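Okay, here's what each chain looks like letter by letter:
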Amino acid sequence: MIPYYSQKNNILQHMGIFDFRDVSKRKGNKEELTIACTPNQITINGTSINFPTNYSTLKTILGDASRIEPIKQTKNNVYLWDSLGIYCSTADPEKMLMLLLVVDNRYGLGHQPLHNFTGEVLIDQEPMEKTIENVGLDRPYMIRSIIKEDKQVAIALGWNPSA
């Protein structure tokens, strides 16, 4: 409470300070994601996920998508988790083949989340940068680092058609 002097009543009164801004738009600690890839499975914050997946499964793990936008001249929609830096494009929300973890959204990947992915991606309990070469066609998923102008701009994680 902040004291102020009321000339009308000739007394010292208290005025409360209220913050009516939208709490969800405040800067603060973003939820951190850990994506762990083993030879047999992928987990996101400890929850196992298989590809193809569906929107209900992703919603359980990541929450509601911030935006769902149509892609012009296609049947696809883009599902965006803006605060997490995650993108998924699909024509069928029951058959989502891949997640794109956008590491640097300045490189114009079309529809993109408002923020970069800042989570951790582990392959065989090591940072992805050290162990991505361990992921071959024998795993039930694929993971790829997307490089543009010699910089990693995204990580593709999803269905392995060879498995």
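Residue positions are given per chain, counting from 1 as you read along its sequence in written order. Local features in this predicted model are restricted to residues of pLDDT 70 or higher, and side-chain atom pairs are both shown and tallied only at a pLDDT of 80 or more, whereas totals for entire chains, interfaces and linings draw on every residue. Side-chain measures were taken over the full set of non-hydrogen atoms in the model, leaving aside hydrogen atoms and water.

Observations concerning the overall build of the protein
Inference 1: The way it works is that DSSP assigns letters per residue, a run of H or I at least four long becomes a helix, a run of E at least two long becomes a strand, and they are numbered from the N terminus. Helices and strands together make up the secondary structure of the protein, namely two helices and 13 strands.
Inference 2: For the protein, the proportion of its 163 residues judged to be buried stands at 33%.
Inference 3: Here a residue-residue contact requires only that any non-hydrogen atoms of the pair lie within 4.5 Å. Of the contacts made within the protein by residues no fewer than 6 positions apart, 44% connect residues no fewer than 24 positions apart. Think of it in three bands: with a 1.4 Å probe and only protein chains considered, a residue is buried below 20% of the maximum accessible area for its type, exposed above 50%, and partly exposed in between.

A short note on the sheet that holds strand β4 (residues 42-44)
Inference 1: Read from one edge to the other, the open sheet built from five strands follows the order β5-β4-β3-β10-β11, with strand pairing classed as mixed. Each having just a single partner strand, β5 (47-49) and β11 (126-127) make up the two edges of the open sheet.
Inference 2: Note: strand β3 (residues 34-37) against β4, three bridges, orientation antiparallel. Each bridged residue has a counterpart across the sheet, and for alanine 36 the counterpart in β4 is threonine 43.
Inference 3: To obtain an axis, a line is fitted to C-alpha atoms, over the contacting stretch when the element is a helix, and the angle between two such axes runs from 0 to 180 degrees between their N-to-C directions. Packing of helix α1 (residues 55-62) onto the sheet brings it into contact with β4 and β5, and relative to β5 it is tilted by some 155°. Strands are labelled as partners when DSSP assigns at least two bridges between them.

Let's talk about the environment of glutamine 125
Inference 1: Mapped onto the fold, glutamine 125 is located in the loop between β10 (120-123) and β11.
Inference 2: Note on glutamine 125: relative accessible area 74%, which makes it exposed.
Inference 3: Sequence separation of glutamine 125 and threonine 38 is 87 residues, and the distance between their C-alpha atoms is 7.6 Å.

Things to note about the confidence of the model for the protein
Inference 1: Confidence scores here are pLDDT values: one per residue, from the predictor, ranging 0 to 100. Scored by pLDDT, the protein has a mean of 84; 79% of the residues are at 70 or more.
Inference 2: For the stretch residues 21-29, pLDDT sits under 50, and the model shows two contacts to residues farther than four places along the chain or on other chains.

A look at the packing of aromatic side chains
Inference 1: Two rings belonging to Phe, Tyr or Trp (six-membered ring only in the last case) form a pair when the distance between their centres is within 6.5 Å. Interplanar angles under 30 degrees mark stacking, angles over 60 mark edge-to-face geometry, and anything in between is tilted. The full count for this structure, using the stated rule, is two aromatic pairs.
Inference 2: Each ring, one from tyrosine 55 and one from tyrosine 79, has its centre 5.1 Å from the other, and the planes form 40°; the classification is tilted. Here tyrosine 79 lies in strand β7 (residues 77-81) and tyrosine 55 lies in helix α1, a separation of 24 residues in the sequence. Summarising the burial analysis for this pair, tyrosine 55 and tyrosine 79 share the class buried.
Inference 3: Three or more aromatic residues link up through ring pairs in this structure, and these residues are Tyr55, Tyr79 and Trp81.

Regarding the sheet that holds strand β13 (residues 151-159)
Inference 1: The strand order across the open sheet built from six strands is β6-β7-β8-β9-β13-β12, with neighbouring strands paired in antiparallel fashion. In this open sheet, the two edge strands, each paired with only one partner strand, are β6 (67-70) and β12 (141-148). In this sheet, neighbouring strand axes are inclined to one another by 20° on average, regardless of whether the strands run parallel or antiparallel.
Inference 2: By the bridge criterion, two bridges tie strand β8 (residues 86-90) to strand β9 (residues 98-102) in an arrangement that is antiparallel. Among the inter-strand pairings, tyrosine 87 is bridged to a residue of β9, identified as leucine 100.

Digging into the pattern of salt bridges
Inference 1: Definition used for salt bridges: Asp or Glu carboxyl oxygen within 4 Å of a side-chain nitrogen of Lys or Arg. Tallying each qualifying case throughout the model produces four salt bridges.
Inference 2: Close ionic contact of arginine 67 with glutamate 69 constitutes a salt bridge, the shortest N to O distance being 2.7 Å.
Inference 3: By relative accessible area, glutamate 69 is classed as partly exposed at 22%.
Inference 4: One continuous salt-bridge network, built from bridges that share partners, spans Arg67, Glu69 and Asp82.

Observations regarding the side chain of aspartate 82
Inference 1: Counting through the fold element by element, aspartate 82 comes out in the loop between β7 and β8.
Inference 2: Taking the relative accessible area as the measure of exposure, aspartate 82 reaches 8% and is therefore buried.
Inference 3: In this structure the side chain of aspartate 82 is engaged in a polar contact, spanning 2.7 Å, whose partner is the side chain of arginine 67.
Inference 4: Dropping the residues within four chain positions of it, aspartate 82 is found in contact with Ser66, Arg67, Gln112, Pro113, Leu114 and His115. As used in this structure description, the phrase polar contact means that two N or O atoms lie within 3.5 Å; if the pair is within protein, one of them must be able to donate a hydrogen and the other to accept it, and residues adjacent in sequence are counted only when both atoms belong to side chains.

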